[in-house]
Amino acid sequence: MPHTTTTTSAALLALSTLLVTSCASADGSGDPSERQGGVEERPVVLTTFTVLQDIASEVAGDRADVRSITPHGAEIHEYDPTPGDVRDAAEADLILANGLGLEAWLEQFLDQSDAPTVTVTGDIEPLPVTRLPGHPDDAAEMPVNPHAWMSPRQGMSYVDGVEDALSELSPEDADVFAENAAALRDELAALDVEARERAEELEEVHLVTCEGAFSYLADDLDLGEHYLWPVNADDEGSPQQVEAQIRYVRDHEVPTVFCESTVNDVAQQQVVQETGAELGEPLYVDSLTEADGPVPTYVDLLRHDLELILAGAEDDGR
């Protein structure tokens with residue numbers, strides 16, 4: 001849920017000041033490519049998180065300056081915008097968001113910005129966070145699962161949304177965007193085919209994680225899915241959640257369980273201790289790494305996670 005902090009208030013106050021004092025284009029037309037006395041600059045495209053930043057950067061090529069509001073390694077759901085984010089918003093010509101309830105903080109942030117905002121998941125059929133029989137969360141009203149980018153197939157829809165938004169911003173570069181978008185879609189399509197073929201060779205795959213962030217991937221690859229908590233929140237890793245996960249791992253003889261890179265794995269360690277399952281390397285969901293890390297790009301993130309998930313299902317050595 002969105003929450004107000006001193007940092008957020010200061011950021012919004014700073015944003016209001018910046019918006020009042022920011023310069024219009026030389027001729028007053030508002031053309032994003034004309035600033036500083038008519039000198040051409042690349043339009044600034046602001047994204048809500050690093051995965052979306054990478055997708056937009058791939059599609060834009062050198063025709064836009066693409067930035068992310070949340071930094072590498074950040075947890076998105078309850079992020080507090082900083083004064084630096086405020087300055088970026090004042091400069092932005094376009095803001096790209098995931099939507100589907102991911103950025104709980106975004107509406108308040110955008111109230112202070114004049115840049116058009118495009119949600120890139122408009123063509124995706126949203127899935128609820130999976131209801132799990134016997135899970136302590138099964139009677140609660142479950143939110144829409146915002147993590148559609150975790151499926152290569154759904155990721156192609158992200159590329160479509162980004163391409164459309166950039167072409168609207170800069171129609172003269174539409175051919176460049178189309179070519180770049182096609183190349184990225186081809187990469188995702190190849191990854192989707194490879195993952196499907198590999199999953200089909202396995203008799204049964206159960207994806208057991210900390211957060212319920214994998215419904216779209218599980219749906220596309222026909223995987224069993226279980227999680228400790230539905231979405232990152234204050235009540236992560238309760239005794240009831242841990243107990244439900246232990247039962248699932250035992251009942252299905254799951255060899256490997258996982259946690260995500262942006263959350264604490266203490267609760268999942270309890271599952272490991274009680275079941276003898278192996279705790280796999282962290283899965284990446286909400287954020288890419290820096291360039292020297294294991295998942296510096298969106299395609300790297302998908303390839304890394306799919307390899308861990310499918311290799312973990314093949315591990316029958318415990």
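Scroll up to find the structure.
### Side note on the overall build of the protein chain
- Within the protein chain, the secondary structure is distributed over 10 helices and 10 strands.
- Residues classed as buried in the protein chain amount to 51% of the 318 residues present.
- Contacts spanning at least 24 positions in sequence make up 64% of the contacts within the protein chain whose residues lie at least 6 apart.
- Accessible area for the protein chain stands at about 14,500 Å²; split by element, carbon and sulfur atoms hold 46% of it.

### Focus: the pairing of strand E8 (residues 224-229)
- In terms of burial, E8 is largely enclosed, as six of its six residues are buried.
- For strand E7 (residues 206-211) and E8, the ladder comprises five bridges, and the chain directions are parallel. Bridge assignment links threonine 209 to a residue of E8, and that residue is tyrosine 227.

### Some words on the packing of aromatic side chains
- All told, the structure shown has two aromatic pairs when counted by the stated rule.
- Here tyrosine 79 and tryptophan 105 contribute two aromatic rings whose centre-to-centre distance is 5.6 Å and whose plane-to-plane angle is 65°, an arrangement assigned as edge-to-face. With tyrosine 79 in the loop between strand E4 (65-68) and helix H3 (83-91) and tryptophan 105 in the loop between strand E5 (94-97) and helix H4 (106-110), this pair connects stretches of sequence that are 26 residues apart. Grouping residues by exposure puts tyrosine 79 and tryptophan 105 together as buried.

### So, the nonpolar core
- Counting residues in each nonpolar core, the largest one holds 71 residues, and the members touching the most others are Leu96, Trp149, Val162 and Phe214.
- Considering every element that reaches this core, the biggest residue donor is helix H10 (residues 298-314), with eight residues.
- Apart from residues no more than four positions distant in its own chain, tryptophan 149 is found in contact with Phe49, Val51, Asn98, Leu102, Tyr158, Val285, Asp286, Tyr298 and Leu302.
- Counting 16 residues, the second-largest nonpolar core is a separate cluster that includes Val208, Leu228, Val242 and Val257.

### Some words on the state of the cysteines
- Taken as a whole and judged by the stated rule, the model has one disulfide.
- Residue pairing for cysteine 210: its cysteine sulfur links by disulfide to cysteine 259, the two sulfurs lying 1.9 Å apart. Disulfide cysteine 210-cysteine 259: torsion about the S-S bond near -110°, hence left-handed. Of the two residues, cysteine 210 sits in strand E7 while cysteine 259 sits in the loop between strand E9 (256-257) and helix H9 (266-275), which places them 49 residues apart along the sequence. Each member of the pair, cysteine 210 as well as cysteine 259, is classed as buried.

### Brief notes about the packing of helix H8 (residues 239-252) against H9
- The geometry of H8 relative to H9 is characterised by a closest axis approach of 9 Å and an angle of 40° between their N-to-C directions. One element, H8, and the other, H9, form an angle in the oblique class. Taken as a pair, H8 and H9 cross one another with a handedness that is right-handed. Between H8, through Val242, Gln245, Ile246, Val249 and Arg250, and H9, the contact on the second element is made entirely by Ala267, Gln268, Gln270, Val271, Glu274 and Thr275.
- Each residue belonging to the contact of H8 with H9 can be placed in one class, and the counts come to five nonpolar, four polar and two charged.

### As for the environment of leucine 288
- With respect to the secondary-structure elements, leucine 288 resides in the loop between strand E10 (278-279) and H10.
- For leucine 288 and histidine 72, which are 216 residues apart along the polypeptide, the C-alpha to C-alpha distance reads 5.9 Å.
- Dropping the residues within four chain positions of it, leucine 288 is found in contact with Thr50, Val51, Asp54, His72, Gly73, Val295, Pro296, Thr297, Tyr298 and Leu301.

### So, H8
- Compared with an ideal rise of 1.5 Å per residue, which puts 14 residues at 20 Å, H8 spans 20 Å between its outermost C-alpha atoms and is within 8% of the ideal.
- Residues Gln241, Val242, Ala244, Gln245, Ile246, Tyr248 and Val249 constitute the buried set of H8.

### Some remarks on the pattern of salt bridges
- Inspection of the entire model under this criterion finds 13 salt bridges.
- A salt bridge links arginine 67 to aspartate 88; the shortest N-O distance between them is 2.8 Å. Of this pair, arginine 67 sits in strand E4 while aspartate 88 sits in helix H3, and the two are 21 residues apart along the sequence.
- Each of Asp65, Arg67, Asp88 and Glu91 takes part in one network of salt bridges that share partners.

Thresholds, definitions, all that
- Residues numbered from 1 in each chain as written.
- Predicted model: local features only at pLDDT ≥ 70, side-chain atom pairs only at ≥ 80, totals over all residues.
- Heavy atoms only, no water.
- Helix = DSSP H or I, 4+ residues; strand = E, 2+ residues; numbered from the N terminus.
- Buried < 20%, exposed > 50% of the residue type's maximum accessible area, 1.4 Å probe, protein only.
- Contact = heavy atoms within 4.5 Å.
- Areas by Shrake-Rupley, 256 points an atom, 1.4 Å probe, with all protein chains shown as cover.
- Pairing = 2+ DSSP bridges.
- Phe/Tyr/Trp six-rings, centres within 6.5 Å; stacked < 30°, edge-to-face > 60°.
- Core = buried A, V, L, I, M, F, W, Y, C linked by side-chain atoms within 4.5 Å.
- Disulfide = S-S within 2.5 Å.
- Axes fitted to C-alpha atoms, helices over the stretch in contact; angles between N-to-C directions.
- Parallel < 35°, antiparallel > 145°, perpendicular 65-115°, else oblique.
- Left-handed = near helix turned anticlockwise from the far one by under 90°.
- Nonpolar A, V, L, I, M, F, W, Y, C, P; charged D, E, K, R; others polar.
- Expected span 1.5 Å × (residues − 1).
- Salt bridge = Lys/Arg side-chain N within 4 Å of Asp/Glu carboxyl O.

Purely spatial values, then, with no claim about function.
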